[in-house]
Amino acid sequence: MYSILAKSVFVSINIFLTLNMFCSSALAHRVNLFAWYDGKMIMAEGYFSSGKKAVNSTILVFDSKGKEVFHGITDKKGEFSFKPPQTGDYRLVLEAGMGHRAETLISVKDIKSPTGELEAEQAGLRIAEGNEPGKGLKTAEDANKRIISLNSEEFEEILDRKLNPIKEQLFRLAEQGNRVNFRDVFAGLGYIAGLMGLAIYLAQRKHKK
Amino acid sequence: MHISEGVLTVPVLLAGAGGAMLGLAVGLRHMDVQEIPRVALLTAAFFVASLVHIPIGPSNAHLVLNGILGILLGWTAFPAIFIGLFFQAVLFQFGGFTTLGINTLNMAVPSVVMGALARPALRSNSGIFSLVMAGIAGAGAIIMSAAMVAGSLSLSGDPFVPVSRLIFAAHIPIAIIEGVLSVLIISFLLKTKPEVIKG
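Model, not experiment: these values are computed from the prediction. In every chain, residue numbers begin from 1 and rise along the written sequence. Starting at A for chains and at 1 for ligands, labels are handed out in the order in which the entities are written. Two thresholds apply to this predicted model, a pLDDT of at least 70 for residue-level local features and 80 or more for giving and counting side-chain atom pairs, whereas whole-chain, interface and lining totals are computed over all residues. Calculation of side-chain values draws on the structure's entire complement of heavy atoms; hydrogens and water are dropped beforehand.

Caption draft 1: Summary view of a negative patch on the surface. Side chains of D38, E153, E154, E157 and D160 of chain A sit close together on the surface and give a patch of like negative charge. Exposure classes here rest on a 1.4 Å probe applied to the protein chains alone. A residue is buried below 20% of its type maximum, exposed above 50%, and partly exposed in between. When its relative accessible area of 42% is taken as the criterion, D38 of chain A is described as partly exposed. Without a salt bridge and with relative accessible area above 30%, a residue can belong to a patch; like charges are then joined within 9 Å and nonpolar side chains (Val, Leu, Ile, Met, Phe, Trp, Tyr) within 5 Å. Each accessible area value is a Shrake-Rupley result obtained with a 1.4 Å probe; residue values ignore everything except the protein chains displayed when judging cover. Think of a salt bridge as a Lys or Arg side-chain nitrogen and an Asp or Glu carboxyl oxygen that are within 4 Å of each other. In this tally Asp and Glu are treated as negative and Lys and Arg as positive; neither His nor the chain ends contributes. Where a charge lies is defined by one atom per residue type: Lys uses NZ, Arg uses CZ, Asp uses CG and Glu uses CD.

This is the structure in structure tokens:
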């Protein structure tokens, strides 16, 4: 029995050495789904916990009543997007095949982006101001120009450029949280050792009786 | 190999849980005090094996080691695999709680069957033949598990043929690797500690 214990220590050390080699690049076997609403579309990305993208996987979209409103397939980057028909909560389910499945909830508050509405309001206001007598045509034109440039795709591009790094960082954080870390591995081994002790204790007590 | 939560239908999950409980009961009956450390050691090995990811093949696959568990444990592979899967579900979110039963069944039944197949050969002193049987048990347990996973998915409505083709394709490299691994481990044990196998 002692030799078995000694061997168990030896084998677990060996397993850890192997694990060390594998762990950086290869952490097993679970699929994750990450989704966000960018003001117009619901975007989603699926990836395995090894970092590999979930390509060609089915994504089903259910509304808050559980009715399927959309389904599609992820592209080569594991990405997927669709335009939500109305505000409300949506449940996205990713099926990556062979029993792999992930789901996430996302709520859509405003179909039109709030900044867009604000801009339109401002534009109306400025134009109204411009049409008032006593204000020059030039200012109205100036105002319009400024607003037009804000409303243009450039504006979104700038926003994207500013927000993308943050989005990426959030993404990485979520990804890290989903990864298996060594603490969990040691915790599991500890629990197993504890259970072994408990089992031996109980078995021996039964033996004595 | 781990089926996630929400994929299978309720009858399949219940049947899996029932089968796993039966297997657990038999396994616990076979486990006496001297057996416990060995079961715990192999539980630990099974628990970490799923982290050893094999980057070959179309999908993510990892070591399972259920063939070796079957050879070394027999029926007590059931409690070992159950506990290993439980902690994988808690700590790594592999599989899930509702699928714990069916996952246990899918990995432990091949383990017990292949173990029973290989053990007589290993007990006899037949050199090469026993190593061949160890290899067959190691690879066969994976193939049989893959078939059972495909079966449980198809019972829940997935079409059997394409699903099982995918699953087999993903697990053939693992089956080969586990076959080789069990030959290595068993030959090592036969040389150094034959009483572990012949016990």
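Caption draft 2: Inspection of the sheet that holds strand 6 (residues 88–97) of chain A at higher detail. Residue and element names in this part refer to chain A. Strand pairing is assigned whenever DSSP detects at least two bridges linking the two strands. A run of H or I in DSSP counts as a helix once it spans at least four residues, and a run of E counts as a strand once it spans at least two, with each numbered from the N terminus. The 4 strands are arranged 4-3-6-7 in an open sheet whose pairing can be described as antiparallel. Each edge of the sheet is formed by a strand with only one pairing partner; in this case those strands are strand 4 (68–73) and strand 7 (100–108). Averaged over all pairs of adjacent strands, the angle between their axes in this sheet comes to 20°, without regard to strand direction. Examined bridge by bridge, strand 3 (residues 58–63) and strand 6 share 6 bridges and lie antiparallel to one another. Its bridge partner being in strand 6, L60 is matched across the sheet by V93. Axis definition: a line fit to C-alpha positions, over the contact stretch in the case of helices; interaxial angles, taken between N-to-C directions, run 0 to 180 degrees.

Caption draft 3: Quick peek at the pairing of strand 1 (residues 31–37) of chain A. All names here are of chain A. Pairing of strand 1 with strand 2 (residues 42–48) involves 7 bridges; the strand directions are antiparallel. Across the sheet, residue L33 finds its bridge partner in strand 2, namely G46. In this structure, the hairpin formed by strand 1 and strand 2 is closed by a connection of 4 residues, where G39 is found at a positive phi of approximately 105°.

Caption draft 4: Helix 1 (residues 10–30) of chain B, seen in detail. Residue and element names in this part refer to chain B. Expected helix span is taken as 1.5 Å per residue step, with the number of steps being one fewer than the number of residues. Taking 1.5 Å of rise per residue, 21 residues should cover 30 Å, and helix 1 covers 30 Å from first to last C-alpha, within 8% of that figure. Inspection of helix 1 places V12, L13, G16, A20, G23, L24 and G27 among the buried residues, and these make up the whole buried set. Viewed end-on, helix 1 has its buried residues packed into an arc of 110°, placing them on one side of the element. Counted as exposed and oriented over 90 degrees from the buried face of helix 1: V10, P11, L14, A15, M21, L22 and R29. Any two residues whose heavy atoms approach within 4.5 Å at even a single point are treated as in contact. On its buried face, helix 1 sits against helix 4 (77–92), helix 5 (100–123) and helix 6 (128–155). Note that the arc is defined by the directions from the helix axis to the C-beta atoms.

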